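# Examination of the molecular architecture
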Amino acid sequence: MTTASERKPGPAPWRDPSLPAAARVDDLLSRMTLQEKTAQLYGVWVGADTEDGGVAPHQSDMTADYDWDELVSHGLGQLTRPFGTAPVDPTAGARALAEAQRRLVAANRFGIPALAHEECLAGFTAWRATAYPVPLSWGASFDPDLVERMAARIGHDLRSVGVHQGLAPVLDVVRDARWGRVEETIGEDPYLVATVGTAYVRGLESAGVIATLKHFAGYASSAGARNLAPVRAGTREFADVTLPPFEMAIREGGARSVMPSYTERDGVPASADPELLTQLLRETWGFTGTVVSDYFAVGFLETLHRVAGTPAEAAHAALAAGIDIELPTLKCYGKPLLTAVQEGAVPEELVDNAVRRVLLQKCGLGLLDEDWTPTHAEPVELDSAQNRAVARQLAEESVVLLDNPDGILPLAPDTRIAVVGPRAAETLAMLGCYSFPSHVLPHHPGVADGIEIPTVLQALRAELPDAKVTFAEGCGVDTPDTGGFDEAVARASEADVCVAVLGDRAGLFGRGTSGEGCDAEDLRLPGVQAELLDALVATGVPVVLVMLAGRPYALGRWHGRLGAVVEAFFPGEEGGPAVAGVLSGRVNPSGRLPVSVPRVTGGQPWTYLQPPLGLKGEVSNLDPTPLYPFGHGRSYTEFGWESDAGEAPVSISTDGSHDVSVTVRNTGDRAGAEVVQLYLHDPVASVTRPDVRLIGYRRLELEPGEARRVTFAFHADLSAFTDRGGRRIVEPGALELRLGASSTDIRYTAQLELTGEVRELGVDRRLRCETEVD
């Protein structure tokens, strides 16, 4: 018989997976020293450039020096971008990350591994990984299910190499298209951003990867569209436009991490705002995950915002506000925080609260289990055929046909085509600023893209092998040189049709015309591209304009003078074939605008969500009416709509519901997709309201002659807004539900009358308009 003294002791409680996570974490916390606890609150960016000229401004002065062996002896919270810092072969990178984790586990007293994070805005930002369309293209697809599939593929790839957390999606709602990061957003409507962004969160989280919502909150509302400029959004705009996508992604998507914005609102930086990061996020919304700083944002409280006098004061402000983890390195949460707690300047309770959340997340990932070992796939394939198929489908669904007045598209298979423009023969024309080739490879000249990226020129030649296709660049993206105009005009003059491929070059901090820190003075085409387009139109040859861009540009100058207009927002590695497929007719375009396309370059720096005074009127000579409105997009087939909406007014209570239906039939001779959109118009309210706003949509794929009926389950909660006292309310009174093919192309209107008392809503309110199709 074995005595009690002879039994082998079991694992410490914190190692026991049969115990509740909270009990395990509390046991571990009780055993940790202060230095071991603070070590869980920062990341380390191995290989980050400490010299001037790094990826981001202030990178050199914000990257702290440290001794790796001494550092990891106390543990480590996160590893920053092991794949996204330099070109690393994926298989070798996975091995290196696993070895780094083994060394870390062996070095610290409790054997706790780090959580590894990476960027994944439009795919895993790693060498040889699939470059998907940017989020603005996700919005253009109006297809959340496909976005969820894409995110699941991205999550699978991240997990396959040992990465636990992805820094995406961006849930900022576009407020001014001049802002450089428009390409990273899903669009200018909070409902579209919320539903598509939540789908991305579900996909990433389904693969076991922590989704990180950013940038919380108001980043896209920066004054003058300048990166990091102060946010001037008022209380109601903040509550009704900025916050809803984050709330839905947490409540319905299950996001487990949030990243605060760099910006400040009304004098308070987001990274030092307890009302935002604790009271709203945790106490009101019930968020239980981790809050991670944007890169260097804790240090910026001292250096840029000047609300802290030292790194220790910055750490205190951020920790007290609710930031659990400093990324990407340990400038403030390292030695400055440790010393401040030891000296009594910062309560240790703040550290304990943050560490508890960090360890609970690690526990949920299995990183505290005794048998955890770093694993990864072998060999690693990050650009699989399955990935490329999803990338192709999303690219095809997101291309928007803005205009085709004379039916010049699709192009005849044996026609003479002059392809002109600085984006036609350039692989990077397909990619946004957070793709690896655009984000990292400029710092590694001579290194190949690592993935196949067909250009529009290559794809069009493959798509139309019997056509005679010539090419001339014409000009650069943003240079003043017009020396190539003559050749471009000559090629166009010899052709039956000219395809002008214009747009942006994605980059960072002024090194591009679109991207982070690449804000625009106005919405004219960059460089001399407008003059090139003028010269091509003057030939008299029909011109098909193809825009490959990260933001909408003003096109009113050429309205009625072009044969067709096609918009593609950085459509990814399969974007060239997708655009060529639309031009040839192999693909029936089905994208819809997630942002309005302006008519003129200035005078309308806002979006379609305008109250009456934001619309055209007699009080100003400037007309802000867009050339192509939010939700607009054409097809090569026709659709007929039938509905009984509007036959009689309907009364419902302020907590009631009403179904509105429409039957859509493909009346053309080829398969196509229609996007049915439901808008709300509130004629009279106690505060000014947008003239119309999207509250529901459904994408319908229809064969020739096929009809399907879509029903929107409207609930009065969807009419709610923030009143003068800051309450979210439903008011009695008249409403209109407008069924349309865009925000201005309204087909049917249902008249409602809300009856009863004003009703105040809580966090359990309905966030989406459910749809059924039969």
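Residues numbered from 1 in each chain as written. Predicted model: local features only at pLDDT ≥ 70, side-chain atom pairs only at ≥ 80, totals over all residues. Heavy atoms only, no water.

## Points about the overall build of the protein chain
Filter applied, for reference: Elements are defined by DSSP. Helices are runs of H or I of four residues or more, strands are runs of E of two residues or more, and each kind is numbered from the N terminus. The size measure is the radius of gyration over C-alpha atoms, and the globule rule it meets is 2.2 Å times the number of residues to the 0.38 power. To sort residues, take the accessible area from a 1.4 Å probe on protein chains only and compare it with the maximum for the residue type: under 20% means buried, over 50% means exposed, and anything in between is partly exposed. In what follows, a contact means two residues having at least one pair of non-hydrogen atoms within 4.5 Å. What sets the accessible areas is the Shrake-Rupley method with a 1.4 Å probe; for residues, cover comes only from the shown protein chains.
Each helix and strand in the protein chain was counted, giving 21 helices and 27 strands. Its C-alpha radius of gyration of 27 Å places the protein chain within 12% of the 28 Å reference for a compact globule of 774 residues. For the protein chain, the spread of C-alpha atoms along the three principal axes comes to 90 × 70 × 60 Å. Considering the protein chain as a whole, with its 774 residues, one finds that 61% of them fall into the buried category. Pairs at least 24 apart in sequence give 79% of the contacts found in the protein chain among residues at least 6 apart. Working note: accessible area of the protein chain is about 28000 Å², and carbon and sulfur atoms make up 47% of it.

## Some details on the sheet that holds strand E11 (residues 416–420)
Selection criterion: By definition, two strands form a pair when at least two bridges between them are found by DSSP. All axes are obtained by fitting lines to C-alpha atoms, using only the stretch in contact for helices, and the reported angles, taken between N-to-C directions, cover 0 to 180 degrees.
Strands sit in the order E10-E15-E14-E13-E11-E12 across an open sheet of 6 strands; the sheet is mixed. A single partner strand is all that each edge strand has here, and the edge strands are strand E10 (400–403) and strand E12 (468–472). On average, each strand axis in the sheet is inclined to that of its neighbour by 20°, with strand direction left out of account. In this structure, E10 lies alongside strand E15 (residues 564–569), joined through 3 bridges in antiparallel fashion. In the sheet register, aspartate 403 faces E15, and the bridge partner there is valine 565.

## Side note on unusual backbone geometry
Between phenylalanine 216 and alanine 217 the backbone carries a cis peptide bond, its omega angle lying at 0°. Of note, alanine 217 is situated in the loop between strand E5 (210–216) and helix H9 (235–242). Residue proline 410 is bonded to the preceding leucine 409 through a cis peptide linkage, with omega at 0°. Phi at arginine 81 takes a positive value of approximately 45°, unusual for a residue other than glycine.

## Side note on the sheet that holds strand E2 (residues 78–80)
Taken in spatial order, the 7 strands line up as E1-E2-E3-E4-E5-E6-E9 in an open sheet, and their pairing is parallel. Edge strands, defined here as strands with exactly one partner in the open sheet, are strand E1 (43–44) and strand E9 (290–291). Note: strand E3 (residues 115–119) against strand E4 (residues 165–167), 3 bridges, orientation parallel. Its bridge partner lying in E4, glutamate 119 is registered against leucine 167. Against the sheet, helix H10 (residues 244–251) makes contact with E5 and strand E6 (257–260), and its axis sits at roughly 165° relative to E5, the strand it touches most.

## Comments concerning the side chain of arginine 388
Put simply, the rule is: The definition of a polar contact used here is a pair of N or O atoms within 3.5 Å, where within protein one atom must be able to donate a hydrogen and the other to accept one, and adjacent residues in sequence count solely through side-chain atom pairs.
One can find arginine 388 in helix H16 (residues 385–398). At 3.0 Å, the side chain of arginine 388 and the side chain of glutamate 573 are in polar contact. Apart from residues no more than four positions distant in its own chain, arginine 388 is found in contact with Asp383, Glu452, Pro454, Glu573 and Glu574.

## As for the nonpolar core
As a rule of thumb, soluble globular proteins bury nonpolar side chains together. The condition is simple: Nonpolar cores were defined as sets of buried Ala, Val, Leu, Ile, Met, Phe, Trp, Tyr and Cys residues, with membership established by side-chain atoms within 4.5 Å.
By size, the foremost hydrophobic cluster in this structure holds 202 residues, and its most contacted members are Tyr200, Phe216 and Tyr333. When near neighbours in sequence (up to four residues on either side) are disregarded, phenylalanine 216 contacts Leu243, Phe246, Val258, Met259, Pro260, Ser261, Ala270, Leu276, Leu277, Leu280, Leu281 and Trp285. Counting residues in each nonpolar core, the second largest holds 37 residues, with Ile417, Ile451, Val456 and Val587 among its members.

## Thoughts on the packing of aromatic side chains
Aromatic rings in a pair are described by how distant their centres are and how their planes are angled relative to each other. Spelled out, the test is: Between the rings of Phe, Tyr and Trp (Trp by its six-membered ring), a pair exists once the centres lie within 6.5 Å; its type follows the angle of the planes, with under 30 degrees stacked, over 60 edge-to-face, and the other angles tilted. Charge-over-ring contacts are defined here by two conditions on Lys NZ or Arg CZ: a distance within 6 Å of the ring centre and an angle within 35 degrees of the ring normal.
Evaluated as defined, the whole model comprises 17 aromatic pairs. Plain terms: the ring middles of tyrosine 608 and tyrosine 679 are 6.3 Å apart, the flat faces sit at 85° to each other, and that makes the pair edge-to-face. Remark: tyrosine 679 occurs in strand E19 (residues 672–681) and tyrosine 608 occurs in the loop between helix H21 (575–584) and strand E16 (639–642); sequence separation between them is 71 residues. Grouping residues by exposure puts tyrosine 608 and tyrosine 679 together as buried. Three or more aromatic residues link up through ring pairs in this structure, and these residues are Trp45, Trp179, Tyr219, Tyr262, Tyr295, Phe296 and Phe300. Above the ring of tryptophan 127, the side-chain terminus of arginine 128 is found at 4.2 Å from the ring centroid.

## A word on the pattern of salt bridges
When the charged atoms of two side chains lie near each other, side chains of opposite charge can form a pair. Here is the rule: The term salt bridge refers to a side-chain nitrogen of Lys or Arg lying within 4 Å of a carboxyl oxygen of Asp or Glu.
All told, the structure shown has 46 salt bridges when counted by the stated rule. A single network of salt bridges, built from pairs that share partners, joins Asp383, Arg388, Arg392, Glu396, Glu463, Glu573, Glu574 and Arg586.

## Some thoughts on the packing of H9 against H10
This is how it is decided: Any angle that falls under 35 degrees is termed roughly parallel, while one over 145 is termed roughly antiparallel, one within 65 to 115 roughly perpendicular, and all others oblique.
Where H9 contacts H10, the two axes come as close as 5 Å, and the packing angle between them is 40°. When the axes of H9 and H10 are compared, the pair comes out oblique. Packed against H9, whose contacting residues are Ala239, Asp240, Val241 and Thr242, the element H10 presents Pro244, Pro245 and Phe246 at the interface.

## Focus on the pairing of strand E18 (residues 657–666)
Examined bridge by bridge, E16 and E18 share 4 bridges and lie antiparallel to one another. Each bridged residue has a counterpart across the sheet, and for glutamate 642 the counterpart in E18 is threonine 663. Pairing of E18 with strand E21 (residues 707–715) involves 9 bridges; the strand directions are antiparallel. Across the sheet, residue valine 662 finds its bridge partner in E21, namely valine 710.

## Notes on a negative patch on the surface
Heads up, the rule is: Patch membership needs two things, relative accessible area over 30% and no salt bridge, and members are linked within 9 Å if like-charged or within 5 Å if nonpolar (Val, Leu, Ile, Met, Phe, Trp, Tyr). Just so you know, the count uses Lys and Arg for positive and Asp and Glu for negative, and it drops His and the chain ends. Note on charges: their place is set at NZ of Lys, CZ of Arg, CG of Asp or CD of Glu.
On the surface, Asp659, Glu770, Glu772 and Asp774 cluster together to form a negatively charged patch. Checked against the element boundaries, glutamate 770 lands in strand E27 (residues 770–773).

## Section: the environment of alanine 554
Assignment of secondary structure puts alanine 554 in the loop between strand E14 (543–549) and E15. On the basis of relative accessible area, alanine 554 is assigned to the buried category, the value being 6%. In this structure, the C-alpha to C-alpha distance between alanine 554 and arginine 524, residues 30 residues apart in sequence, is 5.8 Å. Discounting residues that sit within four places of it in the chain, alanine 554 has contacts with Leu523, Pro598, Arg599, Val600 and Thr601.

## Focus: the confidence of the model for the protein chain
Going by this rule: A residue's pLDDT is simply how confident the predictor is in it, with values from 0 to 100.
For the protein chain, the mean per-residue pLDDT works out to 95, and 96% of the residues sit at or above 70. Note that pLDDT drops below 50 for residues 1–8; the model gives that stretch 2 contacts with residues more than four away or on any other chain.

## Here we look at the environment of glutamine 386
Summarising the element assignment, glutamine 386 is placed in helix H16. Using a relative accessible area of 47% as the deciding quantity, one classes glutamine 386 as partly exposed. Between the C-alpha atom of glutamine 386 and that of arginine 153, which follows or precedes it by 233 residues, the distance is 8.3 Å.

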